[in-house]
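The primary structure of each chain is shown beneath.
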Amino acid sequence: MSTDSIAVCLMLPLAAAGGIALANNRPNLREAVSLVASAALVLALLGLEPAVLAGNRPTLDLIEVMPGLVIAFEVEPLGLLFALVAAFLWFASAVYSIGYMRGNGEAHQTRFYLCFALALAATVAIAFSANAFTLLLFYEALTFVTYPLVTHHGDAEARNGGRTYLAFLLGTSVLFLLPAVIFTWHAAGTTDFRAGGILPEGMAPAAAAVLLAMYVFGIGKAALMPFHRWLPAAMVAPTPVSALLHAVAVVKAGVFSIVKIVVYLFGLDLLGGVSTHWLTATAGFTVIAASVVALGADNLKRRLAYSTVSQLAYVVLASALLTPLSIVGAALHIVSHAFGKITLFFAAGSIYTATGKTNVSQLDGIGLRMPWTMGAFAIGALSMIGLPPAAGFVSKWYMLSGAMSQAHWAAVMVIVASTLLNAAYLLPIVYRAFFRGVDADSKPHGEAPLPIVLALVITAAATLMIFFMPGVPLALAHALAFGACE
Amino acid sequence: MTLSAHFPVLQVVVPLVSAPLAVLARRATAAYAIVMFASWIAFGLAIALTMQVRSEGVVSYPIGNWPPPWGIEYRIDALSSFVLLLVSAVAAVVLPYCRRSIEHEVPREQHYLFYSMFALCLAGLLGIAATGDAFNAFVFIEISALASYVLIALGRDRKALVASYQYLILGTIGATFFVIGIGMLYLMTGTLNLADMSERLAATSDLRPVLTAAAFITVGMSLKLALFPLHQWLPNAYTYAPSAVSAFIAATGTKVSIYVLMRFYFSVFGAGLVFELAVGEVLLVLSLAAMFIASAIAVVQSDFKKLLAYSSVAQVGYITLGLSLESVSGLTASIVHLVNHGMTKAGLFMLVGGAVLVTGGSGMDRLAGLRRTMPLTSFGIVLGGLGLIGIPGTAGFISKWQLVLAAMERQEWWLVFAIVASSLLAVAYVWRFVEVAYFREPSNPADRRREAPATMLVPAVMVIAASIYFGLDSSLTLGGAATAADFLLGTSR
Amino acid sequence: MNQFGALSYAITVFLMVAGLYIVIARNNLIKTLVGLSIFQTAVYLLYIAPAKLPGGTAPVISAEFDAYSSPLPHVLILTAIVVGVATMALGLAIVVRIYEAYGTIEEDEILNRDREAR
């Protein structure tokens, strides 16, 4: 029966894609398909939650591609968490997109919604991957399915952005991730994700370190420096694309994959014996460097993009600390960053739709004209910085606890310093919006269209809710960390 | 003897006989029907032979009942049946495609000659795979080669004539080198039967003529399989030939030549002898050169068919790379890529042929904005391109995985990186098509959506779909390749 | 190997290399074909010459002789000659068509005309 549930979860976005293609000429029906499918997906995933928390791991085997290499799915806490976040935010994005795409008169909307649904299908498949081979398959599929979304506008700028996107993501996955997976198969005889890891105990620490490096840098979607350039380049896409894919699905698939590989492929025990200083150093550097670049970026989306790079590195940093507490923090941060960042991107798109403005320097006094938008923005900013009552506070708490429990003072310093930097590049925007007067010669405008505002309210509210009622995400994160470290 | 006992010889005879019948038939439709019927029978025979080999091991058929080694023997084993399947399947799929495709590219009064040459080429290729006699192999090599020279010369552009002439010269030199090698082997062993030759070579002590023979055979077949730097004939031949011919020859010509090389290396000379000769190192270097240099040249081409042709040279490099690794997994990778690449390239050339029909040419400028006029074809080409890169889910991925695994088994980490790095070059040239077809406007914006005719589109789409299917369920292709590799290395000295 | 054998091998090698040289060095398409033909002839010699055994007679079984020259290479070479003839015929036909299309049969001229037409 739970095999069927997995199949349902995987088929829903695919069926939605089919429905969207068929409803090409009737926009309202087409949008309804996205909304209904995403809501149904959330419900289906919630249905799986009790079983997973009780310790069950529903599985579904599809095709044996090569002897011993099967496309297989297995639901475990982290995957369920990731899928839930993606599905919920798919719903919010669908609402948002209705307002944005119509408000900006975007062309090729069917292709947009279609690729969105397909991207969600790939994301759910990644979340439920039972082995590294399946993960690789759908990881690459996600890259190709999101390419039309990134290059949506079809002009030279979009084409160049698409080139950078593809160059970095395909380059890293083909050069590093693919050999890493093949080597895992070669060394372990399997690529299954199992608690405690699958790599042989006697594996040389140097070899394990190299393999870890290949995985971490091969998963370019995690935007770890120096392979982060695709993220700002992908901002040529329409905002709903940036919002869902680069705040939620694509980048989260990246860090999710890293956490999954660390916990289920290597195992915390094996990695304990391997020097991971280079990884914490790289992640730490990324956190700080990206925040510094964000400070200097005037284009709002660009600033948010570099903020994403920085926040993703938190997850990698927390994973590299290898303690159960920090793993909880990493998993929770996947959730809290998703909600917070999508709120921020939604707000950016809302501003663009209502006023055509794209730069921070143009945002004086805009809060008075667009209170809902900027209110949501403020909540998102709080979450990024890690202040209560926003979700980011919970995940940062766990990450700091994890770092301190290891007496890893460098990591603590990085987290504290970047918190300050986050405040430095986000709070001034809120300040300008509410406490500065409007430019005399700017055109009068109101709030963005209703669907946009509605979506903003949903995600901002969720960001707050996670702080007050962290039940489901926290339970799943705990199950991941403590279940995997027996 | 029952009919099924004669299958090995019928495999070659049926297409061979259909060639003069097609000439006698004179009318294009009749010739087409005869040859297509013959090729489908040949495909059925190949399947039947594969089943026989699975149950019996090696199928041996003495021609005219003269027992080997005095008579010519047809010998079907795991590897030959695999190649027979590939060649006959490609012919069976390309022939329905031919009908509309050549209407556009070959003068009407020459159609019946086209079909008869096609049948002859098919018979020759099947004969190479089926035979167990060295000189018989040479004869079939020349039959298929001569037929393909004619087929290529039938292209629309006058450059097809020059390309065909160039291929004739180089191909004949290659075949003649091959014959010199066989001559030396005959002088040393006194027999032409491959199995017998193998036994007698094992007993030979004077190695120098044997090694010379190996060298001549290697160079001769390298010319025919377009191993870098002996590939000069290939780009022009594939580009200017009629699209159906490009599809057929790209999928089969070089592959059968590789088969001959494998047959001689492992079944006649023996792996031990051949690799003692530093053949492995030489093939490795040349394969890497092919993979990188040919891919790089492909990136800057302005004609899409020529781009695909250089891509073929690079992909042949992967196959010979697997060969040079001297292991069962390396050989498995070679054989499976032989089939996977044949499939992918056939599909790609067929789709491009459809585009040539609709847009009038294969230059990148003609293909601009193809997604508007031919959305299915463009998507099919993208899928085929993904197969060339080796993205998971395509047949090309299976071969790449195997090849990397084979390199890892030998702990050659730099080779692993070389293999994946060259795939990135493939991304560059595949993406050129994507950008031209999807990001540019068609030269004639008023063009309505107009796909190629169904008889052309359906076979092409079927082949591309097959390449995706075999990328998700590789039991037939990889299983067959593994069996063939095991057999070949197992029976080798 | 007696002098006869050495002589025939020497002639073979000379013809082979001469033929190859003509193919590479000559511009005229027909001359290239001639070179190819010479190259192929060398191969015929390579097979046939060793077939003659010293003191061997024609391969007709007879009580007086015990050494027979091998007939097999002659058979093989007949086949090879036929293949060579077919190749030559095809090659010349293509040259005729090239002449009709280009007006010349010099390789460099052909390349020039293609370049100009582009």
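Model, not experiment: these values are computed from the prediction.

Thresholds applied
- Residues numbered from 1 in each chain as written.
- Chains lettered and ligands numbered in written order.
- Predicted model: local features only at pLDDT ≥ 70, side-chain atom pairs only at ≥ 80, totals over all residues.
- Heavy atoms only, no water.
- Helix = DSSP H or I, 4+ residues; strand = E, 2+ residues; numbered from the N terminus.
- Rg over C-alpha atoms; globule rule 2.2 N^0.38 Å.
- Buried < 20%, exposed > 50% of the residue type's maximum accessible area, 1.4 Å probe, protein only.
- Contact = heavy atoms within 4.5 Å.
- Areas by Shrake-Rupley, 256 points an atom, 1.4 Å probe, with all protein chains shown as cover.
- Salt bridge = Lys/Arg side-chain N within 4 Å of Asp/Glu carboxyl O.
- Pairing = 2+ DSSP bridges.
- Buried area = accessible area lost by both parts, 1.4 Å probe.
- Polar contact = N/O pair within 3.5 Å; in protein donor to acceptor, adjacent residues only side chain to side chain.
- Phe/Tyr/Trp six-rings, centres within 6.5 Å; stacked < 30°, edge-to-face > 60°.
- Lys NZ or Arg CZ within 6 Å of the ring centre and 35° of its normal.
- Patch = residues over 30% accessible without salt bridge, like charges linked within 9 Å, V, L, I, M, F, W, Y side chains within 5 Å.
- pLDDT = per-residue confidence, 0-100.

### What to know about the overall build of chain C
Part 1 of the reasoning: Of regular secondary structure, chain C possesses 4 helices and 0 strands.
Part 2 of the reasoning: For chain C, the N- to C-terminal ordering of α and β elements is α-α-α-α.
Part 3 of the reasoning: In terms of overall size, chain C is more extended than a compact globule, its C-alpha atoms giving a radius of gyration of 20 Å where 118 residues would be expected to give roughly 13 Å.
Part 4 of the reasoning: Reported as C-alpha extents along the three principal axes, the dimensions of chain C are approximately 70 × 25 × 15 Å.
Part 5 of the reasoning: By the burial criterion, 35% of the 118 residues in chain C qualify as buried.
Part 6 of the reasoning: A separation of at least 24 residues holds for 49% of the contacts in chain C among residues at least 6 apart in sequence.
Part 7 of the reasoning: Within the structure as shown, chain C displays about 6,900 Å² of accessible surface, and the carbon and sulfur contribution to it stands at 68%.

### Remarks on the pattern of salt bridges
Part 1 of the reasoning: The final tally for this structure, using the stated rule, is 16 salt bridges over all chains.
Part 2 of the reasoning: For Arg100 of chain B, the salt bridge is made with Glu103 of chain B, and the minimal N-O distance between the two is 3.4 Å. In this pair, Arg100 of chain B and Glu103 of chain B are both assigned in helix H3 (residues 78-105), 3 residues apart and thus about one turn of the helix distant.
Part 3 of the reasoning: In this structure Arg100 of chain B comes out as partly exposed when scored by relative accessible area, which is 34%.
Part 4 of the reasoning: Judged by its relative accessible area of 39%, Glu103 of chain B falls in the partly exposed class.
Part 5 of the reasoning: Put simply, Arg97 of chain C and Glu100 of chain C hold a salt bridge, and the shortest N to O gap is 3.7 Å. Remark: Glu100 of chain C and Arg97 of chain C occur in helix H3 (residues 72-102); sequence separation between them is 3 residues, near one turn of the helix.
Part 6 of the reasoning: Taking relative accessible area as the criterion, Arg97 of chain C reaches 40% and is therefore assigned partly exposed.

### Digging into the pairing of strand S1 (residues 59-62) of chain B
All names here are of chain B.
Part 1 of the reasoning: Every second residue of S1 is oriented toward a common face, the buried set being Val59 and Tyr61 and the non-buried set Ser60 and Pro62.
Part 2 of the reasoning: One ladder, built from 4 bridges, connects S1 with strand S2 (residues 73-76); its direction is antiparallel. Residue pairing across strands places Ser60 opposite Arg75, the latter belonging to S2.

### As for the interface of chain B and chain A
Part 1 of the reasoning: Contact with chain B, which involves 31 residues of that partner, is made by 32 residues of chain A.
Part 2 of the reasoning: Of the roughly 2,700 Å² buried between chain B and chain A on both sides combined, carbon and sulfur atoms contribute 82%.
Part 3 of the reasoning: At the surface where chain B touches chain A, the tally comes to 2 salt bridges.
Part 4 of the reasoning: Counting across the chain B and chain A interface gives 3 residue pairs in polar contact (both at pLDDT 80 or more).
Part 5 of the reasoning: Contributions of two or more residues to the side of chain B that touches chain A are made by helix H17 (395-409), helix H18 (413-439), helix H19 (454-472) and helix H20 (475-490) of chain B.
Part 6 of the reasoning: No other element matches the 12 residues that H18 of chain B contributes to the side of chain B that touches chain A.

### A look at the packing of aromatic side chains
Part 1 of the reasoning: Tallying each qualifying case throughout the model produces 38 aromatic pairs over all chains.
Part 2 of the reasoning: Note on Phe88 of chain A and Phe339 of chain A: the rings are 5.6 Å apart at their centroids and 50 degrees apart in plane angle, and the pair reads as tilted. Here Phe339 of chain A lies in helix H13 (residues 324-355) and Phe88 of chain A lies in helix H3 (residues 77-103), a separation of 251 residues in the sequence.
Part 3 of the reasoning: Accessibility expressed as a relative area gives 6% for Phe339 of chain A, which makes it buried.
Part 4 of the reasoning: Where Phe114 of chain B meets Tyr115 of chain B, the ring centres are 5.6 Å apart and the plane angle is 85 degrees; that geometry is what we call edge-to-face.
Part 5 of the reasoning: Tyr115 of chain B sits in the buried class, given a relative accessible area of 1%.
Part 6 of the reasoning: Sitting over the face of the ring of Tyr139 of chain A, Lys221 of chain A holds its NZ or CZ atom 3.5 Å from the ring centroid.
Part 7 of the reasoning: The side chain of Arg158 of chain B reaches across the aromatic face of Tyr102 of chain C, ending 4.0 Å from its centre.

### Some remarks on the interface of chain B and chain C
Part 1 of the reasoning: Each partner contributes to the interface: chain B provides 26 residues, whereas chain C provides 35 residues.
Part 2 of the reasoning: Together chain B and chain C conceal approximately 2,700 Å² of surface at their shared face, both sides included; 80% is due to carbon and sulfur atoms.
Part 3 of the reasoning: Taken as a group, Arg158, Leu161 and Tyr165 of chain B account for 25% of the area that chain B buries against chain C, more than any other trio of residues on that side.
Part 4 of the reasoning: Across the contact surface, chain B and chain C share 1 salt bridge.
Part 5 of the reasoning: A salt bridge links Arg158 of chain B to Asp114 of chain C, with the shortest nitrogen-to-oxygen separation between them at 3.7 Å.
Part 6 of the reasoning: Inspection of the chain B/chain C interface yields 4 residue pairs in polar contact (both at pLDDT 80 or more).
Part 7 of the reasoning: Every element with two or more residues in the side of chain B that touches chain C is listed here: helix H5 (134-153) and helix H6 (159-189) of chain B.

### Comments concerning a nonpolar patch on the surface
Part 1 of the reasoning: On the surface, Val13, Val17, Leu21 and Leu24 of chain B cluster together into a nonpolar patch covering about 350 Å² of accessible area.
Part 2 of the reasoning: Secondary-structure assignment places Leu24 of chain B in helix H1 (residues 7-25).

### What to know about the confidence of the model for chain C
Part 1 of the reasoning: Counting all residues, the mean pLDDT for chain C is 89, and 98% of those residues have values of 70 or more.
Part 2 of the reasoning: This prediction of the complex comes with two scores: 0.92 for pTM and 0.93 for ipTM.

### What to know about the side chain of Ser395 of chain A
Residue and element names in this part refer to chain A.
Part 1 of the reasoning: Take Ser395: it is sitting in helix H16 (residues 391-405).
Part 2 of the reasoning: Overall, Ser395 belongs to the buried group, its relative accessible area being 1%.
Part 3 of the reasoning: Here the side chain of Ser395 touches Gly392 through a polar contact of 3.2 Å, landing on its backbone oxygen.
Part 4 of the reasoning: The residues touching Ser395, leaving out its near neighbours within four places in the chain, are Gly329, Leu332, His333 and Ser336.

### Notes on unusual backbone geometry
Across the chain, the bulk of peptide bonds are trans and the bulk of non-glycine residues have phi less than zero.
Part 1 of the reasoning: Geometrically, the link from Met225 of chain A to Pro226 of chain A is a cis peptide bond, its omega value of 5 degrees lying close to zero.
Part 2 of the reasoning: Take Pro226 of chain A: it is sitting in the loop between helix H7 (205-218) and helix H8 (230-233).
Part 3 of the reasoning: The peptide bond linking Phe228 of chain B to Pro229 of chain B adopts the cis configuration, its omega dihedral lying at 0 degrees.
Part 4 of the reasoning: Relative to the assigned elements, Pro229 of chain B resides in the loop between helix H8 (208-225) and helix H9 (233-240).
Part 5 of the reasoning: A positive phi angle, close to 65 degrees, is found at Asn65 of chain B, a residue other than glycine.
Part 6 of the reasoning: Along the chain, Asn65 of chain B turns up in the loop between S1 and S2.
Part 7 of the reasoning: Despite not being glycine, Glu326 of chain B shows a phi value in the positive range, around 60 degrees.
Part 8 of the reasoning: Here Glu326 of chain B is to be found in the loop between helix H13 (304-324) and helix H14 (328-359).

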